[in-house]
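Observations on chain architecture
Now for the letters of each chain:
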Amino acid sequence: MPRRPTGWAFVLAPLSALALAVTPLATSTSAQATAPSRSGTGSGTAYSNPVSRPFADTFADPSVIRGKDGWWYAYGTSDPLREGEGTAHRIPVARSADLVHWSYVGDAFSTATVPTWAAPDAALWAPDIRYVDGQYRLYYVVTQTTVTPGPNDNAIGMATAPTPAGPWTDSGAPVVGPRPGASGNADDFLWTFDPSAVTDVDGSQWLFYGSYYGGIHVAPLSQDGRTVTGPSRMVAIDNKFEGAYVVRHGGYWYLFASTANCCAGPTTGYSVQVGRSRDLRGPYVDREGVALTASRAGGTPSLTQNGNQWVGAGHNAVATDLAGQDWNVYHAIDRFDPYLDGTDGINERPMLLDRLDWVDEWPVTRAGLGPSSGTQPGPVAAGRLVTTFDDRGTAWARTGSWTERSDAQSGRFLGSGSAGTVLTRAAVPGDIRIEADLRSSAAPHGLVVRRDAQSQVRLTIDPAARTARLALVVDGVTRRATTATLPATYDPVDWHSVSLEVRDGRAHAQVTHARLHDPLADLTLAVPGRRGAAPTHAGAWAGGAGVGVDNLSATRAADLVDALAPLPVPNRLDRDASDEFTGGSLGSGWSWVRQDDAATVRGGALVWPVERADLTGPTNDAGVLLRNLPASTTDSRPWTAETKVTLDVGTDVVRNFQQAGLIVYVDDDLFTRLSHVAIWNTRQTEFGKEMPYAGRLSYGGTIIGPPAETTWLRITHHVDGTTGEHRLRGWTSRDGRTWVAGGVWTLPAGAHLRVGLVSHGSQSGPAATSTFDYLRIFR
């Protein structure tokens, strides 16, 4: 069993000495600048991405948990960790004391312990870590099995361990076995990828899984997590989503899912979108109310690239620091070093960490700014924010009888011999968060925040009644309270993570298995506000003997970002550079690359049949209608290009890859293109880029908001003041008023840009026509 991290949140010294984390002022947050920050004096350990740098060049598909031993653990997909290493690690494992400084622990599996039902050449992908019913559970993809004779018969496996570092023992059979595709061919199997296990509020176990071929599904699990016990339900459409991760927040379940190609080197446009539902089983809808299962597929961007070195940011997990700030843990690709070795092969996808904000109850990374570059304020997790203690344990005051105990999962912990409390001796000013791992043989127990001599907010977990109760107590009298029934599967003898936060006139408490955002009890109570940042004491309490307390911490609660960072959109119409298509022909200033005579101006619109041609790859046979930006709008100035396009491709049927939209064009092999496009049975808005790379062409796309039959498309442009690169961000709208911001592509410094329209890509299905209402340029 690994030793505790230095500065961990709760350390027991020999019997009479006790150390706990008392973190001072957390962070100061402002959403009024271009980059809302947490740069207050109490912010956590500063860091810069990628956080996996000390132990790995690539660490894809990360999953994170805070173990009951006080360490944070991360698990990655099976790849070589370092450039030149050549041999893949079978689910590499790393650990950290503070979510910032990581070190390699080992691999979850060896040749001797790999699942017996895995084929000899199988890879193990996309791990998902959980702690349920006193047991660590690791889910993963097995890319090739011995269950069927066919190739590519991927499946989901599961292993258990007594500690997050292992040893791991496979369950002996797939949790979700290979799923044959509709063709019936021996090599046709749906992609049973990317597992993510979740505990519902009633304690039942569920598994999300799936990818582009087959879509994302959710299915019920047995309580031991080893088998699926009922039919699955699709929650996100095929040909758009993979990499599910589900959290509960504010009464909703949020489904994070990654979209687009994970691994296109320097043009990878992978990103994370989200939908939410009151029911864990769906339906999940995006911010605009569009279902993630719709053909014109919904999905609100939550993590998108921003034009710095990071592209392809996706496959995320969510961690929460001790101050209550959520963090996105994900992988991305450095566009200047996109491959692990050379200029092809394994994409180098290190692990990144960035703040996850909830703005109007929707999750966004860094207030919408996306992956960070350079030094950032880090999580409040451990390290320099932990108050030191002397040999008398003076940081915390105790009443009652407490003694040091130990077990295999948690190591040393504090056990009660009678009723008593462990309370911060020093006051914590302002809003406060207290949390601990708790267990009990029978006695009531919980957390408490003492606001002053007369009042306290008290969380009571009653094993006999199987309830969690959050109460405001004043002068010994309960003034208000709310109670939740704990599920029948709740066993108080197992360690559970418990938190209590008092902020902004509201108390919020959760009981979870392991801080993974799937609470067994979630309680909120209005409490009277107090003037100023009045000091508060907080801690854990036991109502009798047999209560265990571990990983106890008290800190000022994080100041949370609640507004999006402003993204500049030039909005002064340049009429000379625009065309409303009001005449019988194109206005002045247009030019063609490969003129298409079928395109005509009539009825106040440009009507352009979708060409059976394309612009990606070496063929370059599609027409491109372009106009130069006027001299008053030079390449170095900010501008916006916008169009409104109707594309009659219907829904659901396959019409690959009919599309229409905007293009920012340098030449046939260097451009960005924003289109409403038919991708198999889906309709999506793709913002793509093609560029020369290592003697070949590289193309990738990033997905923005859901389209409609008529869709508004927008590209904003500005020049990076440091590199001189052109930064181009895609936007989409279904009504011309509510815009969805997408990712950013760059074009080289000094490149001459032209803006225009395209209507091409037809490979299958009936003919389609694009109708453009206008092209407008704004400065």
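Residues numbered from 1 in each chain as written. Predicted model: local features only at pLDDT ≥ 70, side-chain atom pairs only at ≥ 80, totals over all residues. Heavy atoms only, no water.

Moving on, we get to the sheet that holds strand S23 (residues 326-334). By definition, the strands of a sheet pair up through backbone hydrogen bonds, in either a parallel or an antiparallel sense. Pairing is antiparallel across the open sheet formed by four strands, whose spatial order is S22-S23-S24-S25. Each end of this open sheet is capped by a strand with a single partner; those strands are strand S22 (310-320) and strand S25 (362-365). Direction aside, neighbouring strands of the sheet carry axes that sit 35 degrees apart on average. Sheet analysis places S23 next to strand S24 (residues 351-359), joined by six bridges and oriented antiparallel. In the strand pairing of S24, Asn328 is matched with Asp354. (Pairing = 2+ DSSP bridges. Helix = DSSP H or I, 4+ residues; strand = E, 2+ residues; numbered from the N terminus. Axes fitted to C-alpha atoms, helices over the stretch in contact; angles between N-to-C directions.)

Attention now moves to the confidence of the model for the protein. Confidence along the protein averages 92 in pLDDT terms, with 91% of residues attaining 70 or more. Overall, residues 1-42 carries pLDDT values under 50, and its contacts beyond four positions in sequence, including any with other chains, amount to 158 contacts. Note that residues 383-393 has pLDDT below 50 and, in this model, 24 contacts with residues that lie over four places away or in other chains. (pLDDT = per-residue confidence, 0-100. Contact = heavy atoms within 4.5 Å.)

Tallying each qualifying case throughout the model produces four cavities of 30 Å³ or more. Roughly 70 Å³ of internal volume is contained in the largest cavity. Contributing to the lining of the largest cavity are 13 residues, with Pro127, Asp128, Pro195, Tyr245 and His315 lying nearest its centre. Counting residues per element, the ones that place at least two in the lining of the largest cavity are strand S10 (124-132), strand S18 (241-249) and S22. Each residue belonging to the lining of the largest cavity can be placed in one class, and the counts come to seven nonpolar, three polar and three charged. The computed volume of the second largest cavity comes to approximately 50 Å³. In the lining of the second largest cavity, the residues fall into one nonpolar, three polar and five charged. (1 Å grid on protein atoms, 1.4 Å probe; cavity = no way out; pocket = protein on both sides within 12 Å on 5 of 7 lines; lining within 4 Å. Points joined across faces, edges and corners; volume = space filled by probe spheres on them. Nonpolar A, V, L, I, M, F, W, Y, C, P; charged D, E, K, R; others polar.)

Time to look at the packing of aromatic side chains. Tallied over the entire structure, the rule returns 16 aromatic pairs. Ring centres of Trp125 and Phe193 lie 5.4 Å apart, and the angle between their planes is 75 degrees; this geometry places the pair in the edge-to-face category. With Trp125 in strand S10 and Phe193 in the loop between strand S13 (169-170) and strand S14 (196-199), the pair connects residues that are 68 residues apart, well separated along the chain. Between the aromatic rings of Trp191 and Tyr213, the centroid separation amounts to 6.4 Å while the plane-to-plane angle is 85 degrees, which identifies the pairing as edge-to-face. Of this pair, Trp191 sits in the loop between S13 and S14 while Tyr213 sits in the loop between strand S15 (205-211) and strand S16 (215-221), and the two are 22 residues apart along the sequence. Residue classification places Tyr213 among the partly exposed positions, given a relative accessible area of 32%. Aromatic ring contacts, followed pair by pair, group Trp125, Trp191, Phe193 and Tyr213 into a single cluster. Over the ring of Trp71 we find Arg95; its NZ or CZ atom is 4.1 Å from the centre of that ring. (Phe/Tyr/Trp six-rings, centres within 6.5 Å; stacked < 30°, edge-to-face > 60°. Buried < 20%, exposed > 50% of the residue type's maximum accessible area, 1.4 Å probe, protein only. Lys NZ or Arg CZ within 6 Å of the ring centre and 35° of its normal.)

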